[in-house]
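Notes for the structure review
Spelled out from the first residue to the last, the chains are:
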Amino acid sequence: MAAAAAPTRAEVMSLFRSLLRTARQFSDYNIREYTRRRAADAFRENRALGDVPAAAAAFAYGKKQLEVAKRQAVVYSMYAPKAKSIMEMKLQ
């Protein structure tokens, strides 16, 4: 069995941007911010991975999480709350 190649920096950055774009699709403030924060935290944790198999595994896990987030964004859009969260309301 061949070892998986480590993802390039461009691939990693593309995955990160895709996760952030997907997070913006959530209409609920709490879910949107959780998804954004979780993506940033996961990338920060795995920043120093030097082991090629570990980096490839983390990248594959990230891609799976992106697919989960995309599916959840679709489901959440079907049942979007009618009122905005207090965090989204403008101060007057």
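Residues numbered from 1 in each chain as written. Predicted model: local features only at pLDDT ≥ 70, side-chain atom pairs only at ≥ 80, totals over all residues. Heavy atoms only, no water.

By the naming in an unreviewed UniProt entry, the protein chain goes by Complex 1 LYR protein domain-containing protein and is assigned to Zizania palustris.

Side chains of a nonpolar character, in soluble globular proteins, are inclined to be buried together. The biggest cluster of nonpolar side chains holds five residues, and these are Leu 15, Leu 19, Ala 39, Phe 59 and Leu 66. If you list the elements that add at least two residues to this core, you get α1 (9–24) and α3 (52–78). (Core = buried A, V, L, I, M, F, W, Y, C linked by side-chain atoms within 4.5 Å. Buried < 20%, exposed > 50% of the residue type's maximum accessible area, 1.4 Å probe, protein only. Helix = DSSP H or I, 4+ residues; strand = E, 2+ residues; numbered from the N terminus.)

What follows is about helix α2 (residues 29–45). The end-to-end C-alpha distance of α2 is 24 Å, a good match for the 24 Å that 17 residues give at a rise of 1.5 Å each. Among the residues of α2, those classed as buried are Arg 32, Thr 35, Ala 39 and Ala 40. Seen along its axis, α2 keeps its buried residues to an arc of 125°; they face one direction. Of the exposed residues in α2, those oriented more than 90 degrees away from the buried face are Arg 44 and Glu 45. Buried residues along α2 sit in contact with α1. Capping the start of α2, Asp 28 holds a side-chain oxygen 3.2 Å from the backbone nitrogen of Asn 30, two or three residues further along. (Expected span 1.5 Å × (residues − 1). Arc of directions from axis to C-beta. Contact = heavy atoms within 4.5 Å. Polar contact = N/O pair within 3.5 Å; in protein donor to acceptor, adjacent residues only side chain to side chain.)

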